[in-house]
Amino acid sequence: MTRPQRILVTGAAGGMGRLLRPRLARAGRVLRLLDVAEIPRGDDGAEIVQASITDPVAMEAACADVDVLLHLGALSIEHGWAKVLEVNINGSYVTLEAARRCGVKRAILASSNHAIGYVGIQDGEIDAAAFPRPDTNYGVSKVALEALGSLYADRYGMDVIAIRIGSCFERPRDVRMLRTWLSPDDAARLVEACIAAPAPGFRVVWGASNNTRQWVSLASARELGYAPQDDAERYAAELIAAQGEVEPDGFMLRYLGGAWCGPGWNTAEKENNT
Ligand code: 15L
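Residues numbered from 1 in each chain as written. Predicted model: local features only at pLDDT ≥ 70, side-chain atom pairs only at ≥ 80, totals over all residues. Heavy atoms only, no water.

(A) Here's a closer look at the packing of helix α3 (residues 81-101) against helix α4 (residues 137-156). At a minimum axis separation of 10 Å, α3 and α4 run at an interaxial angle of 15 degrees. With respect to α4, the axis of α3 lies roughly parallel. Regarding α3 and α4, the two cross each other, and that crossing is right-handed. In this structure, α3 contributes Trp81, Val84, Asn88, Ile89, Ser92, Tyr93, Leu96, Glu97 and Arg100 to the contact, and α4 contributes Asn137, Tyr138, Val140, Ser141, Ala144, Leu145, Leu148, Gly149, Tyr152 and Tyr156. Broken down by class, the residue content of the contact of α3 with α4 amounts to 12 nonpolar, 5 polar and 2 charged. (Axes fitted to C-alpha atoms, helices over the stretch in contact; angles between N-to-C directions. Helix = DSSP H or I, 4+ residues; strand = E, 2+ residues; numbered from the N terminus. Parallel < 35°, antiparallel > 145°, perpendicular 65-115°, else oblique. Left-handed = near helix turned anticlockwise from the far one by under 90°. Contact = heavy atoms within 4.5 Å. Nonpolar A, V, L, I, M, F, W, Y, C, P; charged D, E, K, R; others polar.)

(B) Structural detail: the sheet that holds strand β1 (residues 5-10). Strand order in the open sheet formed by 7 strands is β3-β2-β1-β4-β5-β6-β7, and the pairing between neighbours is parallel. On the outer flanks of this sheet lie β3 (47-50) and β7 (202-207), each paired with one strand and no other. Pairwise comparison of adjacent strand axes, ignoring direction, gives a mean angle of 20 degrees for this sheet. The pairing of strand β2 (residues 29-35) with β3 spans 4 bridges and is classified as parallel. Bridge pairing in β3 places Leu33 opposite Ile48. (Pairing = 2+ DSSP bridges.)

(C) Quick look at the layout of surface pockets. Within this model, the largest pocket holds a volume of roughly 1000 Å³. If you go around the largest pocket, you meet 44 residues; those closest to its centre are Gly15, Met16, Ser76, Ile77 and Tyr138. For the lining of the largest pocket, the secondary structure elements donating two or more residues are α1 (15-24), β2, β5 (106-112) and α4. Top contributing element to the lining of the largest pocket by residue count: α1, with 5 residues. (1 Å grid on protein atoms, 1.4 Å probe; cavity = no way out; pocket = protein on both sides within 12 Å on 5 of 7 lines; lining within 4 Å. Points joined across faces, edges and corners; volume = space filled by probe spheres on them.)

(D) Here's a closer look at the site of the ligand. Taken together, Ser76, Ile77, Ser112, Asn113, His114, Tyr138, Gly166, Ser167, Phe169, Arg176, Met177 and Trp260 make up all the residues around the ligand. Ser76 places a polar main-chain atom, nitrogen or oxygen, 2.6 Å from an oxygen atom of the ligand. A distance of 2.6 Å separates an oxygen atom of the ligand from a polar atom in the side chain of Ser167. Contact with the protein chains hides 83% of the accessible area of the ligand, taken as 320 Å² for the molecule alone. (Near = heavy atom within 4 Å. Polar contact = N/O pair within 3.5 Å; in protein donor to acceptor, adjacent residues only side chain to side chain. Areas by Shrake-Rupley, 256 points an atom, 1.4 Å probe, with all protein chains shown as cover.)

(E) The packing of α1 against helix α6 (residues 184-196), seen in detail. Where α1 contacts α6, the axes come no closer than 9 Å and their chain directions differ by 70 degrees. With respect to α6, the axis of α1 lies roughly perpendicular. Taken as a pair, α1 and α6 cross one another with a handedness that is right-handed. Across the interface between the two elements, Met16, Leu19, Leu20, Arg23 and Leu24 of α1 pack against Pro184, Asp185, Ala187, Ala188, Val191 and Glu192 of α6.

In short, geometric facts, not functional conclusions.
Given below as C-alpha coordinates:
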(Lines give C-alpha, C1' and ligand atoms only; values in the text may rest on other atoms or scores of the structure.)
Protein backbone atom coordinates (compact mmCIF):
# COMPACT_ATOMS: atom_id res chain seq x y z
CA MET A 1 0.00 0.00 0.00
CA THR A 2 1.37 3.44 -0.85
CA ARG A 3 1.80 5.80 2.03
CA PRO A 4 -0.38 8.95 1.94
CA GLN A 5 1.24 12.32 1.33
CA ARG A 6 1.30 14.24 4.61
CA ILE A 7 1.16 18.05 4.62
CA LEU A 8 1.78 19.96 7.83
CA VAL A 9 -0.15 23.24 7.78
CA THR A 10 0.92 25.71 10.47
CA GLY A 11 -1.44 28.56 11.34
CA ALA A 12 -4.30 26.29 10.32
CA ALA A 13 -6.84 28.09 12.51
CA GLY A 14 -6.09 31.44 10.83
CA GLY A 15 -7.93 33.07 7.93
CA MET A 16 -5.94 31.48 5.15
CA GLY A 17 -5.67 28.13 6.91
CA ARG A 18 -9.45 27.92 7.18
CA LEU A 19 -9.92 28.87 3.52
CA LEU A 20 -7.39 26.28 2.37
CA ARG A 21 -8.39 23.31 4.53
CA PRO A 22 -11.37 22.15 2.42
CA ARG A 23 -9.58 23.03 -0.80
CA LEU A 24 -6.43 21.00 -0.09
CA ALA A 25 -8.13 17.92 1.35
CA ARG A 26 -8.07 14.96 -1.05
CA ALA A 27 -7.75 11.20 -1.24
CA GLY A 28 -4.21 9.97 -0.72
CA ARG A 29 -3.33 13.00 1.37
CA VAL A 30 -3.36 13.66 5.11
CA LEU A 31 -3.50 17.23 6.34
CA ARG A 32 -1.83 17.73 9.70
CA LEU A 33 -3.28 20.99 10.98
CA LEU A 34 -1.35 22.88 13.62
CA ASP A 35 -2.17 26.04 15.49
CA VAL A 36 -1.77 27.49 18.95
CA ALA A 37 -5.53 28.21 18.82
CA GLU A 38 -8.13 25.47 18.83
CA ILE A 39 -8.95 23.87 15.46
CA PRO A 40 -12.32 22.20 14.90
CA ARG A 41 -12.02 18.47 14.25
CA GLY A 42 -14.17 18.17 11.11
CA ASP A 43 -14.88 15.01 9.12
CA ASP A 44 -12.00 15.23 6.64
CA GLY A 45 -9.65 12.94 8.55
CA ALA A 46 -7.23 15.78 9.30
CA GLU A 47 -4.77 15.31 12.14
CA ILE A 48 -5.04 18.14 14.67
CA VAL A 49 -2.11 19.47 16.68
CA GLN A 50 -2.50 22.32 19.16
CA ALA A 51 0.98 23.78 19.63
CA SER A 52 3.00 26.94 19.19
CA ILE A 53 5.37 27.29 16.25
CA THR A 54 7.87 28.65 18.80
CA ASP A 55 8.05 25.32 20.68
CA PRO A 56 10.95 23.26 19.25
CA VAL A 57 9.92 19.98 20.89
CA ALA A 58 6.31 20.21 19.72
CA MET A 59 7.38 21.27 16.24
CA GLU A 60 9.76 18.36 15.86
CA ALA A 61 6.99 15.97 16.87
CA ALA A 62 4.63 17.70 14.41
CA CYS A 63 7.11 17.34 11.54
CA ALA A 64 7.44 13.54 11.83
CA ASP A 65 6.48 11.76 8.57
CA VAL A 66 5.71 15.07 6.84
CA ASP A 67 6.34 15.43 3.09
CA VAL A 68 5.45 19.09 2.67
CA LEU A 69 5.38 21.96 5.16
CA LEU A 70 2.89 24.73 4.40
CA HIS A 71 3.95 27.43 6.84
CA LEU A 72 1.16 29.95 7.34
CA GLY A 73 1.68 30.36 11.08
CA ALA A 74 2.37 33.97 12.08
CA LEU A 75 0.86 37.14 13.46
CA SER A 76 -0.92 38.28 10.31
CA ILE A 77 -0.79 42.02 10.93
CA GLU A 78 1.59 44.54 12.44
CA HIS A 79 2.68 44.33 16.10
CA GLY A 80 5.49 45.69 18.26
CA TRP A 81 8.97 44.31 17.70
CA ALA A 82 9.14 41.82 20.60
CA LYS A 83 6.03 39.94 19.48
CA VAL A 84 6.99 39.94 15.81
CA LEU A 85 10.48 38.71 16.69
CA GLU A 86 9.19 35.86 18.85
CA VAL A 87 6.23 34.61 16.80
CA ASN A 88 7.06 35.41 13.19
CA ILE A 89 10.85 35.33 13.09
CA ASN A 90 11.77 32.87 15.84
CA GLY A 91 8.64 30.80 15.12
CA SER A 92 9.66 30.47 11.47
CA TYR A 93 13.19 29.46 12.44
CA VAL A 94 11.89 26.85 14.90
CA THR A 95 9.48 25.49 12.28
CA LEU A 96 12.06 25.23 9.49
CA GLU A 97 14.66 23.76 11.80
CA ALA A 98 12.21 21.11 13.02
CA ALA A 99 11.35 20.34 9.39
CA ARG A 100 15.02 19.96 8.53
CA ARG A 101 15.67 17.66 11.47
CA CYS A 102 12.74 15.47 10.39
CA GLY A 103 13.85 15.32 6.75
CA VAL A 104 10.92 17.31 5.32
CA LYS A 105 11.77 17.79 1.65
CA ARG A 106 9.66 20.79 0.73
CA ALA A 107 8.47 23.97 2.41
CA ILE A 108 5.95 26.48 1.12
CA LEU A 109 6.18 29.73 3.05
CA ALA A 110 3.52 32.40 3.42
CA SER A 111 5.49 35.56 2.76
CA SER A 112 3.65 38.78 2.03
CA ASN A 113 3.42 41.80 -0.23
CA HIS A 114 4.55 43.73 2.87
CA ALA A 115 8.08 42.31 2.42
CA ILE A 116 8.21 44.70 -0.56
CA GLY A 117 5.53 47.12 0.64
CA TYR A 118 7.57 50.26 -0.05
CA VAL A 119 8.12 49.37 -3.71
CA GLY A 120 6.40 52.12 -5.72
CA ILE A 121 3.82 51.01 -8.22
CA GLN A 122 4.29 53.81 -10.77
CA ASP A 123 7.18 52.24 -12.63
CA GLY A 124 5.41 49.41 -14.42
CA GLU A 125 4.95 45.80 -13.40
CA ILE A 126 6.95 44.83 -10.31
CA ASP A 127 9.19 41.75 -10.37
CA ALA A 128 7.83 39.12 -7.96
CA ALA A 129 11.30 38.74 -6.41
CA ALA A 130 12.00 42.49 -6.12
CA PHE A 131 14.59 43.39 -3.47
CA PRO A 132 13.01 43.70 0.00
CA ARG A 133 11.49 47.05 0.97
CA PRO A 134 9.46 46.10 4.06
CA ASP A 135 6.83 48.54 5.26
CA THR A 136 6.42 47.39 8.90
CA ASN A 137 7.94 45.11 11.56
CA TYR A 138 5.62 42.49 10.08
CA GLY A 139 7.15 43.13 6.63
CA VAL A 140 10.64 42.69 8.11
CA SER A 141 9.54 39.34 9.56
CA LYS A 142 8.47 38.20 6.10
CA VAL A 143 11.87 39.21 4.69
CA ALA A 144 13.46 37.15 7.49
CA LEU A 145 11.19 34.25 6.60
CA GLU A 146 12.33 34.42 2.97
CA ALA A 147 15.96 34.59 4.09
CA LEU A 148 15.50 31.52 6.29
CA GLY A 149 13.89 29.72 3.35
CA SER A 150 16.84 30.63 1.15
CA LEU A 151 19.26 29.30 3.79
CA TYR A 152 17.40 26.02 4.22
CA ALA A 153 17.31 25.52 0.45
CA ASP A 154 20.95 26.34 -0.26
CA ARG A 155 22.52 24.93 2.89
CA TYR A 156 20.32 21.91 3.51
CA GLY A 157 18.88 21.08 0.07
CA MET A 158 15.21 21.65 0.94
CA ASP A 159 12.92 22.83 -1.88
CA VAL A 160 11.51 26.13 -0.63
CA ILE A 161 8.97 28.40 -2.26
CA ALA A 162 8.14 31.71 -0.59
CA ILE A 163 4.85 33.15 -1.80
CA ARG A 164 4.55 36.93 -1.47
CA ILE A 165 0.82 36.83 -0.88
CA GLY A 166 -1.22 39.84 -1.92
CA SER A 167 -4.61 39.81 -0.15
CA CYS A 168 -6.21 36.42 0.40
CA PHE A 169 -9.84 36.82 1.39
CA GLU A 170 -13.19 35.49 0.09
CA ARG A 171 -13.55 38.75 -1.88
CA PRO A 172 -11.46 41.90 -2.37
CA ARG A 173 -12.29 44.32 0.45
CA ASP A 174 -11.13 47.63 -1.03
CA VAL A 175 -9.96 49.12 -4.31
CA ARG A 176 -6.30 48.31 -3.61
CA MET A 177 -7.25 44.65 -3.38
CA LEU A 178 -8.53 44.85 -6.96
CA ARG A 179 -4.75 44.76 -7.66
CA THR A 180 -3.61 42.36 -4.93
CA TRP A 181 -6.47 39.86 -4.46
CA LEU A 182 -5.68 36.16 -4.24
CA SER A 183 -8.95 34.24 -4.37
CA PRO A 184 -9.15 31.22 -2.04
CA ASP A 185 -9.51 28.90 -5.06
CA ASP A 186 -6.43 30.41 -6.73
CA ALA A 187 -4.56 30.19 -3.42
CA ALA A 188 -5.23 26.45 -3.42
CA ARG A 189 -4.17 26.24 -7.10
CA LEU A 190 -0.93 28.02 -6.28
CA VAL A 191 -0.20 25.78 -3.29
CA GLU A 192 -0.90 22.69 -5.42
CA ALA A 193 1.53 24.00 -8.06
CA CYS A 194 4.16 24.53 -5.33
CA ILE A 195 3.60 20.96 -4.08
CA ALA A 196 3.83 19.41 -7.55
CA ALA A 197 6.63 21.43 -9.22
CA PRO A 198 9.62 19.17 -9.87
CA ALA A 199 12.78 20.30 -8.03
CA PRO A 200 12.00 24.04 -7.71
CA GLY A 201 14.97 24.77 -5.43
CA PHE A 202 14.46 28.21 -3.86
CA ARG A 203 11.87 30.55 -5.40
CA VAL A 204 10.10 33.74 -4.47
CA VAL A 205 6.79 34.11 -6.31
CA TRP A 206 3.86 36.51 -6.28
CA GLY A 207 0.60 35.20 -4.86
CA ALA A 208 -2.37 36.80 -6.54
CA SER A 209 -5.20 35.95 -8.90
CA ASN A 210 -5.18 36.90 -12.58
CA ASN A 211 -6.29 40.45 -11.76
CA THR A 212 -6.87 42.90 -14.59
CA ARG A 213 -5.26 45.64 -12.44
CA GLN A 214 -2.29 43.46 -11.45
CA TRP A 215 0.80 45.31 -10.11
CA VAL A 216 3.24 42.42 -9.74
CA SER A 217 4.33 39.82 -12.28
CA LEU A 218 2.88 36.32 -12.02
CA ALA A 219 5.54 34.93 -14.40
CA SER A 220 7.54 33.04 -11.75
CA ALA A 221 4.38 31.55 -10.21
CA ARG A 222 3.23 30.46 -13.69
CA GLU A 223 6.65 28.83 -14.22
CA LEU A 224 5.80 26.52 -11.32
CA GLY A 225 2.59 25.50 -13.11
CA TYR A 226 0.19 27.98 -11.47
CA ALA A 227 -2.80 28.77 -13.69
CA PRO A 228 -5.02 31.31 -11.91
CA GLN A 229 -8.70 31.36 -12.84
CA ASP A 230 -10.07 34.35 -10.94
CA ASP A 231 -9.94 38.12 -11.47
CA ALA A 232 -10.90 40.72 -8.84
CA GLU A 233 -12.29 42.88 -11.62
CA ARG A 234 -15.69 41.25 -11.34
CA TYR A 235 -16.05 43.06 -7.99
CA ALA A 236 -14.73 46.41 -9.25
CA ALA A 237 -17.95 48.23 -10.12
CA GLU A 238 -19.63 47.17 -6.87
CA LEU A 239 -16.59 48.09 -4.73
CA ILE A 240 -16.03 51.47 -6.36
CA ALA A 241 -19.75 52.28 -6.09
CA ALA A 242 -19.70 51.42 -2.37
CA GLN A 243 -16.35 52.98 -1.38
CA GLY A 244 -15.64 55.52 -4.14
CA GLU A 245 -12.38 55.84 -6.09
CA VAL A 246 -9.29 56.52 -3.97
CA GLU A 247 -6.93 59.44 -4.53
CA PRO A 248 -4.41 58.26 -7.14
CA ASP A 249 -1.45 59.76 -5.23
CA GLY A 250 -2.56 58.72 -1.72
CA PHE A 251 -0.76 55.89 0.10
CA MET A 252 -3.40 53.40 -0.92
CA LEU A 253 -2.19 53.33 -4.52
CA ARG A 254 1.31 54.82 -4.28
CA TYR A 255 3.10 51.81 -2.82
CA LEU A 256 2.43 48.10 -3.04
CA GLY A 257 1.82 47.92 0.72
CA GLY A 258 -1.01 50.48 0.46
CA ALA A 259 -2.18 52.01 3.73
CA TRP A 260 0.51 50.06 5.63
CA CYS A 261 3.01 52.55 4.15
CA GLY A 262 1.09 55.52 5.52
CA PRO A 263 1.22 57.31 8.87
CA GLY A 264 -1.51 55.10 10.39
CA TRP A 265 0.95 52.19 10.52
CA ASN A 266 3.88 54.01 12.13
CA THR A 267 4.58 51.44 14.85
CA ALA A 268 7.44 53.30 16.53
CA GLU A 269 5.24 56.36 16.96
CA LYS A 270 2.38 54.29 18.35
CA GLU A 271 4.67 52.51 20.79
CA ASN A 272 6.15 55.82 21.99
CA ASN A 273 2.65 57.10 22.61
CA THR A 274 1.73 54.29 24.97
C1 15L B 1 -0.98 40.66 4.67
O2 15L B 1 0.15 40.19 4.65
C3 15L B 1 -1.86 40.49 5.85
O4 15L B 1 -1.62 39.26 6.54
C5 15L B 1 -3.32 40.58 5.53
O6 15L B 1 -4.01 40.80 6.74
C7 15L B 1 -3.66 41.68 4.51
O8 15L B 1 -3.66 42.90 5.11
C9 15L B 1 -2.72 41.63 3.31
O10 15L B 1 -1.37 41.49 3.68
C11 15L B 1 -2.84 42.86 2.38
O12 15L B 1 -1.88 43.57 2.17
O13 15L B 1 -3.94 43.08 1.89
